[in-house]
Amino acid sequence: MAKKGEIPYPMFETRRATGGWLITYRLFSISLFIGIFSIWLYRFSHLFNIHGGVEEEEDDDGEKSWVVWVGSLAAELFFGLYWLLTQALRWNPVFRQTFKHRLSQRYEHSLPGVDVFVCTADPDKEPPMMVMNTVLSVMAYDYPSDKLSVYLSDDAASEITFYALLETRSFAKKWLPFCKRFHMEPRSPSAHLDGLCLPTSSDHDDDSIWIQELAAIKKLYDDMERRIEDATKSGQVPRDVRSMHKGFSQWDAYSSRRDHDTILKILLHTKDSLNSKDADGSVMPTLVYLAREKRSQYHHHFKAGAMNSLIRVSSKISNGKIILNVDCDMASNSSESVRDALCFFMDEEKGHEIAFVQFPQNFVGVTKNDLYANHVQVFNKLEAHGSDGCGGSLYIGTGSFHRRDILCGRKFSDQHNAINDWNNDDDDQLIMEESLQKQEQESKPLASCTYEQNTLWGSERGLIYGCAVEDVMTGLSIHSKGWRSVYCNPERKAFLGAPLTTLGQVLVQQKRWAEGDFQILVSKYSPPWHAYGKLSVGLQMVYCNYCFWAPKSLPILYYCIVPSLCLLKGIPLFPKISSPWFIPFAYVILAGNTSSLVEFLSCGGTVQGWWNEQRMWLYKRTSSFFFAFVESILKLLGFPLASGFAITTKVAEQDASQRYEKEIMEFGGSSPMFTLLATLAMLNLFCFLGVSMDALISEDGFIRVLEKMILQIMLCGVLVLINVPIYEGLFFRKDKGGLPTSVAIKSTIFASSACVLFKGMNFIT
Ligand SMILES: *[C@@H]1O[C@H](CO)[C@@H](O)[C@H](O)[C@H]1NC(C)=O
């Protein structure tokens, strides 16, 4: 430890990308920009015919269609400018490393309290066993138990979830000491015990103790799992348990999920020495169940509302200085994450300005080629580091550690937070059963529907309401106050969740995000308009990457539709192969795709995975983002559509999960988004077939058509190739995961009418 007055060794280190790599990247990126600029130049000069006779002969093909060219120019301007925004995510990535031993050396005895919030909203879509595994994994953090509290917020107010938490409490009494004794990692039981075959014999005595204990704990776990699953299936809590535990009486006045009192139960309390000891006699973390009050006449503000109730209720019970927020499907995979996060907050030199520490979201069970681009490895391993280099990571709503006071709206101050502030201020008295009840009664009003009326909750305090991505919005408001955040991505992944396994789920989730990001764009925090002087330019650009998701759908749709249709009328939109203007196009296409492929491979992906990602990239933009855009605009104009927040299901049917394993795209059902995707796919197919026929019978000859419109034909061809799963889903699949006939009929009609109409239009040459 450093002597007084000296600056001690830092508790974390920040590395930048190595010089050679960075210079190469920057040079490359400048060359790409020159390419993009040349494309703009081409469009401009040809639009206004100021290219000075270089390519007179091109005008043989008739006049250029203004409409189509202006559209292309707009799309290309948008793409180019958006590409500039993405440079903020790559220009200056930083990588952080923590030194946890320094944390224990200096502060082991004055570590702050940490409150973990787990949010669940629907036991049908988020199975209680999954939620309980998440709860157990965070209860078992390698952190002093008397400073750790776990809160489960149940927005469904389900008795089954409460029952499962009771079972979890009993199981935890064995599980926590077991983890600590054998240094188990990770600490979610299902990661070890699901489908485990116990080794029968062993050469080592040590091992045989371990095997015995493992067998015992597995039996306990299996029993618990069976009981919870029985209760889940039957929808009923076993009668004897119900009568034995007073907590259930809170459901007596319960009428529905949307209409009930606050239900709050402190199941374990670190100061309740009688009941809160594990099997080894050690203290256990505090464990609390909360279902905030719901009344139909009050808006409940989804997860943001739940989080704000948790913030208030926990302030009465444990009041940890640090809050960790995890989704119920994101189990901890590393018992050290709390300490990792504290290395940032408690760093003597830089810690005081850090408002939150964000860990990445990772997924287990993603198939090799990641059909739905779940893995987001380029985001996790590259872009998020780039954003950190610009002044902070986005708050993504799970796996993030916050300082309580900043989340509650503390203004930025450059002052060093005296480190000894961290000591918990409350006294160390033990509390008794009655006082626990008293604490419960006192905390309940904090979770009531009316508590927030005429307060700053939801605007200045806690998570911000009214946005579909309340987390990103809240992070932005924190950044706007001057705080920074850091992105922590250790080798061993801190949180692991379940991936989405159908196309529909992914598209719905992405639509919600795009909507939320668009709301941010038009909010009072809007990164491009209102953040000037509050955020660094880099961070403004980072946020803009996401805010422009929804509007970006328009130029992309344009590029998927118009060039292909123009093929039918033989209107070239891009330079011919012999023109010098061909070079910038070829360079941008080639270099852009190569660099994206290299990025993808270097982040651990496969070539097929990259191709799948390109497909998802396209589908998200042409369906989710487009619908998000239309709905947001309608909402702004005062015509809100009822679309609601569909929670993405985390359970899959048997044969659907087999198809997932085989990487067969799962549509399963009809949705306007699928119709749109299928129409685009059919349209490109028709155009491609059309131009091929034309080329074969044309007097000019095949080669000449190709020469004239090579880029356009390639674009259309790639769109056809990437849509192969849709053609299969429409026409060739018999299983339940394909697309329904109605979608096939609709899309064929829409696409063919578009082709016929376009061919007949006169104002386009
Ligand atoms: C999760 O934790 C285990 C145990 O420490 C480790 O072996 C595994 O690599 C981790 N998973 C990931 C994806 O990092």
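About the cut-offs
Residues numbered from 1 in each chain as written. Predicted model: local features only at pLDDT ≥ 70, side-chain atom pairs only at ≥ 80, totals over all residues. Heavy atoms only, no water. Domains from an automatic or database assignment. Contact = heavy atoms within 4.5 Å. Buried area = accessible area lost by both parts, 1.4 Å probe. Salt bridge = Lys/Arg side-chain N within 4 Å of Asp/Glu carboxyl O. Polar contact = N/O pair within 3.5 Å; in protein donor to acceptor, adjacent residues only side chain to side chain. Helix = DSSP H or I, 4+ residues; strand = E, 2+ residues; numbered from the N terminus. Nonpolar A, V, L, I, M, F, W, Y, C, P; charged D, E, K, R; others polar. Phe/Tyr/Trp six-rings, centres within 6.5 Å; stacked < 30°, edge-to-face > 60°. Buried < 20%, exposed > 50% of the residue type's maximum accessible area, 1.4 Å probe, protein only. Lys NZ or Arg CZ within 6 Å of the ring centre and 35° of its normal. Pairing = 2+ DSSP bridges. Near = heavy atom within 4 Å. Disulfide = S-S within 2.5 Å.

Observations regarding the domain arrangement of the chain
No. 1: By the assigned domains, the chain splits into domain 1 (20–89 + 544–759) and domain 2 (110–499).
No. 2: Each of domain 1 and domain 2 has a C-alpha centre, and these two points are 42 Å apart.
No. 3: With 25 residues of domain 1 in contact, the opposing surface of domain 2 contributes 31 residues.
No. 4: For the pair domain 1 and domain 2, the summed buried surface comes to about 2600 Å²; carbon and sulfur atoms form 66% of the total.
No. 5: One can count zero salt bridges joining domain 1 with domain 2.
No. 6: Viewed at the interface, domain 2 and domain 1 are joined by seven residue pairs in polar contact (both at pLDDT 80 or more).
No. 7: Contributions of two or more residues to the side of domain 1 that touches domain 2 are made by helix H19 (582–602), helix H20 (607–636) and helix H21 (654–661).
No. 8: If you tally residues by element for the side of domain 1 that touches domain 2, the top one is H20, at seven residues.
No. 9: For the side of domain 1 that touches domain 2, the residue count by class is twelve nonpolar, five polar and eight charged.

Some points on the packing of aromatic side chains
The geometry of an aromatic ring pair comes down to the distance between the two centres and the angle between the two planes.
No. 1: All chains considered together, the criterion is met by 38 aromatic pairs.
No. 2: Seen in terms of ring centroids, Phe78 and Tyr82 are 6.4 Å apart; in terms of plane orientation they differ by 10°. Their pairing is stacked. Here the residue Phe78 and the residue Tyr82 both occupy positions in helix H2 (residues 66–86), the gap between them amounting to four residues, near one helical turn.
No. 3: Accessibility expressed as a relative area gives 24% for Phe78, which makes it partly exposed.
No. 4: Judged by relative accessible area, which is 8%, Tyr82 ranks as buried.
No. 5: Here the aromatic cluster, defined as three or more aromatic residues joined through ring pairs, consists of Tyr42, Trp69, Phe79, Tyr559, Phe574, Trp581 and Phe585.
No. 6: Across from the ring centre of Trp69, 4.7 Å away, lies the NZ or CZ of Arg43, which sits over that ring.
No. 7: Lying over the aromatic face of Trp457, Arg312 brings its terminal NZ or CZ to 4.8 Å of the ring centre.

Some remarks on the pairing of strand E5 (residues 263–268)
No. 1: The element E5 is extensively covered by neighbouring structure, given that six of its six residues are classed as buried.
No. 2: In this structure, E5 lies alongside strand E6 (residues 286–291), joined through five bridges in antiparallel fashion. Residue pairing across strands places Ile263 opposite Ala291, the latter belonging to E6.

As for the site of the ligand
No. 1: Near the ligand, the surroundings consist of Glu185, Pro186, Asn333, Arg492 and Lys493.
No. 2: Asn333 is positioned with one of its side-chain polar atoms (N or O) 2.5 Å from an oxygen atom of the ligand.
No. 3: Split into classes, the residues belonging to the shell around the ligand amount to one nonpolar, one polar and three charged.

Regarding the state of the cysteines
No. 1: Under the definition given, this model contains zero disulfides.
No. 2: Between Cys544, a free cysteine, and Cys547, which holds the nearest cysteine sulfur, the sulfur-to-sulfur gap is 5.6 Å.

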